[in-house]
Amino acid sequence: MTSVEICGVEFKNPVIAASGTFGFGREYEKFYSLSKLGGICTKGLTLYERHGNSGIRIHETIGGLLNSIGLENPGVDAFIEEELPHMEKHDTVIIANVGGSTIEEYIMAVEKLNKTNIPMFELNISCPNVKQGGMAFGIKSDVAFKVVSEVKKVSKKPLVVKLSPNAENIVDMAYRCCEAGADGLSLVNTFSGMAIDIYEKKPVFENTIAGLSGPCIKPIALRMVYEVCSAVDIPVIGIGGIMDYKDAIEFIMAGAYGVQIGSGNFVKPDICLDIISGIEKFMKDEGIKSLEEIRGIIRRRS
Amino acid sequence: MTSVEICGVEFKNPVIAASGTFGFGREYEKFYSLSKLGGICTKGLTLYERHGNSGIRIHETIGGLLNSIGLENPGVDAFIEEELPHMEKHDTVIIANVGGSTIEEYIMAVEKLNKTNIPMFELNISCPNVKQGGMAFGIKSDVAFKVVSEVKKVSKKPLVVKLSPNAENIVDMAYRCCEAGADGLSLVNTFSGMAIDIYEKKPVFENTIAGLSGPCIKPIALRMVYEVCSAVDIPVIGIGGIMDYKDAIEFIMAGAYGVQIGSGNFVKPDICLDIISGIEKFMKDEGIKSLEEIRGIIRRRS
Amino acid sequence: MDPKYCSGVVSSNTQVYENIYEMKVGENFKGEPGQFYMLRAWDREPFLSRPISISNIEDGTITFLYEVKGKGTELFSKLKSGDSIELLGPLGTGFPLDIEGNVGIIVGGIGIAPMVYLCHELSTKADFYGGFREKSFYMDKIEKNVENLYISTDSGLEGHSGFITEIFKPEKYSSVYTCGPLPMMRIVLDMCIKANVPVYISMERQMACGIGACLGCSILTTSGMKKVCKDGPVFKGEEIVFND
Amino acid sequence: MDPKYCSGVVSSNTQVYENIYEMKVGENFKGEPGQFYMLRAWDREPFLSRPISISNIEDGTITFLYEVKGKGTELFSKLKSGDSIELLGPLGTGFPLDIEGNVGIIVGGIGIAPMVYLCHELSTKADFYGGFREKSFYMDKIEKNVENLYISTDSGLEGHSGFITEIFKPEKYSSVYTCGPLPMMRIVLDMCIKANVPVYISMERQMACGIGACLGCSILTTSGMKKVCKDGPVFKGEEIVFND
Ligand SMILES: Cc1cc2nc3c(=O)[nH]c(=O)nc-3n(C[C@H](O)[C@H](O)[C@H](O)COP(=O)(O)OP(=O)(O)OC[C@H]3O[C@@H](n4cnc5c(N)ncnc54)[C@H](O)[C@@H]3O)c2cc1C
Ligand SMILES: Cc1cc2nc3c(=O)[nH]c(=O)nc-3n(C[C@H](O)[C@H](O)[C@H](O)COP(=O)(O)OP(=O)(O)OC[C@H]3O[C@@H](n4cnc5c(N)ncnc54)[C@H](O)[C@@H]3O)c2cc1C
Ligand SMILES: Cc1cc2nc3c(=O)[nH]c(=O)nc-3n(C[C@H](O)[C@H](O)[C@H](O)COP(=O)(O)O)c2cc1C
Ligand SMILES: Cc1cc2nc3c(=O)[nH]c(=O)nc-3n(C[C@H](O)[C@H](O)[C@H](O)COP(=O)(O)O)c2cc1C
Ligand code: FES
Ligand code: FES
């Protein structure tokens, strides 16, 4: 009933754990069987190991949190060797989330991942682009077009591009990623935000700017997903502040094929299960036979 | 101690009631003397009376609300005749917030307001631009440049341009408004967001998209204010989710001359007073003699 | 009377029926039948306060009758005697009280809330029509101050089986007051217009400020835009423009 | 032991000193000294749960000792017996217990919290050094399980007047355990390194998940990045890299 095909990959339900909030699943498998999930996005992987940022990394805000993890991860090789075999024990779709600071880095990471059985890649274009003076790949459509088309050339798996809400024009960004060959889109990543320690008289984060996530961003994320779904024909995965099945249904009605749950996992480790069963119950109560019936339904009506 | 000069206008303190959340002050004067405020921005005024949007206008979200008022207002003439004389009884700075759907409309409204004693105008460029197919003036810097420079030509009072956080590039937008002659900037207006009624299977708002405000947006608003203050030399007024003196101090430390309080007024009608006294106490406790000492202090240190 | 923003102490908060609660808060509260308060019993979440009608005021103690709908009213239902609650009010324009002749009051469900106080304060005794889903509630508070009592339930468990509008006779009255679900009130309005009887309708709209500043609750009326929180919640029936 | 996410019932919650509270929650809780739980006694606001050390476990009833710092701990302080609270734990890696020789425990303020359980579970009796601002608190829970007790207060009202590190003698011990403000722990670390005594430090970091998934609490150690919530909160002193 809740199953859905996204870019040719079958998901048993539309609920996917979002990158960076779920590690490689090891911690959450202590709370429930990960085979119940539609899918899991890995922590953002880069070609080489990264230590991430120093200083405070988490700061709570009203309705969410700012994070400045800085892509701490073991690198693609270590992931493939130490984490992937364990992840593959679960009967769920594994999505490799790939980050990088140069196009070459993305390409080399994807080439290594090509050799695994991972069925889908998610390209995180919110990473700072070192060649463009640290401005993220995901801000200007032309820059994104470049990285997506290069990565698409080498990728042997369906390529979902994860859009940043900080893009200058989210609809144009989506268009251009499509043109560049993206098989699907996921959005949103975190919003650029900041916080100041008024007693220390300095920014809370060493990098000054950090990424905002959680239910506080949901209305904006939903609007962006709606606009993107109305503009492109490839599948879209909705992300941003989803805390319960109602939020998930909103994204699906806006046009999303799947949804990702990020910060919600911190509030309740098995929140994804609640969302899956909530969706099932909603569908039963409302007499909905497949997600397709309601996907994008608000567009069909307006 | 808390006084501040913004574009040549003296404010007894940096706390200003934000447009659209404070009417013309009549309702709030029942709770406290409005002469205690640094200033008051009027409800957005248009050349002619407007009825605003039909359907639901307010929808609560986590940490804030979406609104779709649609600039309901009595029009500039009725404002000048019926509201302004009463407002002027208060010893506080009145800022006329001006909206419009065409450049001509803005200009004609400003020409009428020129003849009053109002010391400052705030140009709301988030209004849908009818000539550009409804896309707001505040999205693309070039469009904003046009409207600001035209209005600046006729404005006889300092012109503060109120930026939309939906601008494609907030820093470039700020630059261009500066170039066009803005005397000051205020930001942010509401973020485009939406909500869906999953039982009715349609958007909550008739216009689908509505404006998000409240503490949920604070981290993003603060980041934008910080970026803009770092980029331009004219005074900036910080707005977005300010609920207490700590929030206000954050905006000032990011570089703001003044702050506006919007949705907070709904939570506690005299919230502005709490913020004013909180700022005074903070300054006393920290041995700060004038706001200038801490304005933009985080930039000086990083 | 100018509204005040203040803290009150809950003196009692009891379940009177399934998801219907009665909360009393002391002391020194004022207001007219049909007016309301914005209530808040939490810090930041939910963000907005909740509008609740004055259900009664006796010796300065105010009574609210409310139905648990979502998270705000759920939080109200958990308050215990001695807990504090923020109140902003009295707000809005209530029912006219200087009415002559026979009065008919017709409510649906929780629409009964403001009518307790109204019945109490009206100079004449009124007939009361109450429509409920399963069973009636709170009728003991109404009985003593009304002339005739008519009840209907959708369930048929009590009184007339069906809608209350099916047994309502507007032509018997010189004025009618109504509060309840919008579809019910629209039928009442139509009936009263046909019978040429003035009707006063208590409207509901999502509210942010509750005091007339945000224009979040504006509705179109025959005399232009009006604010439910300030010009209403009670409006003359013929003023209201239903646009759909 | 794998952590669990569950609801517990508060059996008591009492103020033990100015802004220090002791909360007991039943039943069937497990954990080791130095481990902690993520606690949550609210719905959506604040967004994150709060990490609080196990202060004791007796017959499955768990005790938390906490200081009111901000809105989370403030909400904890308002809980009454019978209220429910969400618990996620036990989490992290606690203090090593299989220690031989003399043990010195040195804490600052609320850093005493995990040491109650530690003193109880250690195979040997330890010396306890407690530094406080005004006056000591909770010492009755410590006394019975320690050999010698040293107290200092900034105020001079009790024990040594000044910092506890001024009267701490690391060379007397074969192992040292510490928990408290970072500046204090850094001095303890330096002293122990000089005296060539192994020291175990309980670290604090802002946490989001508390279970090792978000990397919000990572710190640089001599053996690479480590998670305070999973690899810690207790670390060997020499592992920690203070970068500033
Ligand atoms: C002037 C006025 C007087 C009222 N008097 C009473 C009363 O005496 N007793 C009583 O039980 N209720 C009364 N209400 C309705 C009451 O305000 C809402 O039921 C309440 O705000 C719902 O809050 P919640 O957090 O429980 O539900 P939410 O989770 O906010 O919403 C639950 C449902 O209620 C709807 N809703 C939310 N706010 C309002 C609102 N302001 N008006 C109408 N629908 C809303 C939502 O759209 C949703 O469908 C009154 C409303 C108004 C405008
Ligand atoms: C492993 C671990 C065990 C802990 N055990 C105890 C304990 O037994 N008793 C106790 O009283 N406290 C303990 N703490 C600290 C406690 O978690 C914080 O004091 C609490 O989270 C503050 O929450 P708040 O909402 O009251 O304050 P907030 O309003 O969130 O913040 C108030 C101040 O505390 C700081 N703070 C917030 N969260 C943390 C955090 N996770 N770690 C450090 N500082 C923080 C903030 O930066 C701010 O300066 C522990 C922390 C950790 C990491
Ligand atoms: C602590 C943290 C770490 C994150 N790390 C990554 C990452 O490595 N790669 C990525 O694409 N997104 C990352 N994200 C973004 C999330 O995957 C998600 O897009 C975002 O948090 C919005 O969803 P939410 O509101 O449900 O959390 C991270 C988010 C958080 C909170
Ligand atoms: C109900 C409502 C009406 C508003 N109307 C206007 C308006 O007419 N003109 C304008 O420039 N801004 C308007 N705003 C935006 C606010 O002035 C402010 O920029 C925004 O709400 C962000 O601040 P806040 O988070 O403190 O509310 C309105 C906001 C709200 C909530
Ligand atoms: S609720 Fe704000 S004007 Fe009525
Ligand atoms: S708090 Fe998430 S990894 Fe430690």
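Residues numbered from 1 in each chain as written. Chains lettered and ligands numbered in written order. Predicted model: local features only at pLDDT ≥ 70, side-chain atom pairs only at ≥ 80, totals over all residues. Heavy atoms only, no water.

1. A word on the overall build of chain A
Within chain A, the regular secondary structure consists of ten helices and 16 strands. A compact globule built from 302 residues should have a C-alpha radius of gyration of about 19 Å, and chain A, at 18 Å, falls within 12% of that. Along the three orthogonal principal directions, the C-alpha set of chain A runs to about 55 × 50 × 40 Å. Going through the 302 residues of chain A one by one, you find that 66% of them count as buried. Taking contacts inside chain A between residues at least 6 apart in sequence as the whole, the part at least 24 apart equals 69%. Of the roughly 10,100 Å² of accessible surface on chain A, 47% is carried by carbon and sulfur atoms. With 32 positive and 38 negative side-chain charges, chain A shows a spacing of 1 Å between the two charge centroids. (Helix = DSSP H or I, 4+ residues; strand = E, 2+ residues; numbered from the N terminus. Rg over C-alpha atoms; globule rule 2.2 N^0.38 Å. Buried < 20%, exposed > 50% of the residue type's maximum accessible area, 1.4 Å probe, protein only. Contact = heavy atoms within 4.5 Å. Areas by Shrake-Rupley, 256 points an atom, 1.4 Å probe, with all protein chains shown as cover. Lys, Arg positive; Asp, Glu negative; His and termini not counted. Charge placed at Lys NZ, Arg CZ, Asp CG, Glu CD.)

2. As for the domain arrangement of chain C
All names here are of chain C. Domain boundaries in chain C define domain 1 (4-91) and domain 2 (103-202). Domain 1 and domain 2 are separated by 23 Å when their C-alpha centres are compared. Both faces considered, domain 1 and domain 2 share a buried interface measuring about 1,400 Å² in area, 64% of it formed by carbon and sulfur atoms. For the domain 1 face of the interface with domain 2, the top three residues by lost area are Tyr17, Pro33 and Leu65, together amounting to 39%. (Domains from an automatic or database assignment. Buried area = accessible area lost by both parts, 1.4 Å probe.)

3. A word on helix H2 (residues 113-121) of chain D
Among the nine residues in H2 of chain D, seven count as buried, and that is most of the element. All of the buried residues along H2 of chain D are Ala113, Pro114, Met115, Val116, Tyr117, Leu118 and Cys119 of chain D.

4. Observations concerning the sheet that holds strand S7 (residues 93-98) of chain A
All names here are of chain A. Ordered in space as S3-S4-S7-S8-S9-S10-S15-S16, the eight strands form a closed barrel in which the pairing is parallel. Between one strand and the next, the sheet's axes are offset by a mean angle of 25 degrees, whatever the strand orientation. Of the pairings in the sheet, the one linking strand S10 (residues 184-187) to strand S15 (residues 236-239) comprises three bridges and is parallel in character. What sits directly across from Leu187, in S15, is Gly238. (Pairing = 2+ DSSP bridges. Axes fitted to C-alpha atoms, helices over the stretch in contact; angles between N-to-C directions.)

5. Focus on the UniProt feature "binding site: substrate" (unreviewed entry) in chain A
Using the residue numbers shown here, the UniProt feature "binding site: substrate" (unreviewed entry) corresponds to Lys43, Asn67, Ser68, Ile69, Gly70, Leu71, Asn124, Asn189 and Thr190 of chain A. Checked against the element boundaries, Ile69 of chain A lands in the loop between strand S6 (64-67) and helix H1 (76-87). What makes Ile69 of chain A buried here is its relative accessible area of 5%. Aside from chain neighbours lying at most four places away, what touches Ile69 of chain A is Lys43, Gly52, Asn53, Arg57 and Ile58 of chain A together with Cys214, Leu215 and Gly216 of chain D. Looking at the secondary structure, you find Leu71 of chain A in the loop between S6 and H1. A relative accessible area of 15% places Leu71 of chain A in the buried class. Leaving out residues up to four positions away in the same chain, Leu71 of chain A has contacts with Lys43, Gly44, Thr46, Arg50 and Cys127 of chain A. (UniProt positions renumbered as here; feature names shortened; annotations may be inferred.)

6. Section: the packing of aromatic side chains
Overall, the coordinates contain 36 aromatic pairs over all chains when judged by the stated rule. For the pair Phe168 of chain C and Tyr173 of chain C, a centre-to-centre distance of 6.3 Å together with 10 degrees between the ring planes defines the contact as stacked. Of the residues examined, Tyr173 of chain C reaches a relative accessible area of 7% and is grouped as buried. Their ring planes at 65 degrees and their centres at 5.3 Å tell us that Phe95 of chain D and Tyr177 of chain D sit as a pair that is edge-to-face. Remark: Tyr177 of chain D occurs in strand S12 (residues 175-179) and Phe95 of chain D occurs in the loop between strand S7 (84-91) and strand S8 (103-108); sequence separation between them is 82 residues. The ring of Phe145 of chain B carries Arg176 of chain B above its face, with NZ or CZ at 4.3 Å from the centroid. (Phe/Tyr/Trp six-rings, centres within 6.5 Å; stacked < 30°, edge-to-face > 60°. Lys NZ or Arg CZ within 6 Å of the ring centre and 35° of its normal.)

7. Things to note about the interface of chain B and chain A
Between chain B and chain A, the residue contacts involve 44 residues of the former and 44 residues of the latter. Summed over both partners, the interface of chain B with chain A buries about 3,600 Å², with 70% contributed by carbon and sulfur atoms. Taking the shortest distance from any N to any O, the salt bridge between Glu286 of chain A and Lys201 of chain B comes out at 2.8 Å. Here chain B and chain A share ten residue pairs in polar contact (both at pLDDT 80 or more) between them. Elements that contribute at least two residues to the side of chain B that touches chain A include exactly strand S11 (191-194), strand S13 (202-203), strand S14 (209-213), helix H5 (218-231), helix H6 (245-254) and helix H10 (297-301) of chain B. (Salt bridge = Lys/Arg side-chain N within 4 Å of Asp/Glu carboxyl O. Polar contact = N/O pair within 3.5 Å; in protein donor to acceptor, adjacent residues only side chain to side chain.)

8. Let's talk about the site of ligand 2
All names here are of chain D. What surrounds ligand 2 is a group of 20 residues, the closest being Arg50, Pro51, Gly72, Thr73 and Gln206. One nitrogen or oxygen atom from the main chain of Gly70 is found 2.8 Å from an oxygen atom belonging to ligand 2. When ligand 2 sits alone it has 840 Å² of accessible area, and the protein chains cover 78% of it. With four residues, strand S4 (residues 50-53) is the single largest residue contributor to the shell around ligand 2. Here the residues of the shell around ligand 2 are counted per class, giving nine nonpolar, five polar and six charged. (Near = heavy atom within 4 Å. Nonpolar A, V, L, I, M, F, W, Y, C, P; charged D, E, K, R; others polar.)

9. Some points on the side chain of Ser55 of chain D
Residue and element names in this part refer to chain D. Position of Ser55 relative to the elements: it lies in the loop between S4 and strand S5 (56-58). For Ser55, a relative accessible area of 0% puts it in the buried group. Reaching out from Ser55, the side chain makes a polar contact with the backbone oxygen of Ala113 at a distance of 2.8 Å. Dropping the residues within four chain positions of it, Ser55 is found in contact with Thr63, Phe64, Leu65, Ala113, Val116, Tyr117 and Tyr138.

10. Describing the UniProt feature "binding site: [2Fe-2S] cluster" (unreviewed entry) in chain C
Residues and elements named next belong to chain C. Per the UniProt record, the feature "binding site: [2Fe-2S] cluster" (unreviewed entry) sits at Cys209, Cys214, Cys217 and Cys229. Across 21 residues in sequence, these annotated residues keep their C-alpha atoms within 10.1 Å of one another, forming a single compact spot. By the element assignment, Cys217 lies in the loop between strand S13 (199-202) and strand S14 (218-221). You can call Cys217 buried: its relative accessible area is 4%. In this structure, Cys217 is in contact with Arg205, Gln206, Met207, Lys226, Lys227, Val228 and Cys229, ignoring residues within four places of it in sequence. You can see Cys229 is positioned in the loop between strand S15 (224-227) and strand S16 (234-236). Setting aside its immediate chain neighbours within four residues, Cys229 contacts Phe36, Leu91, Gly92, Met207, Gly210, Ile211, Gly212 and Cys217.

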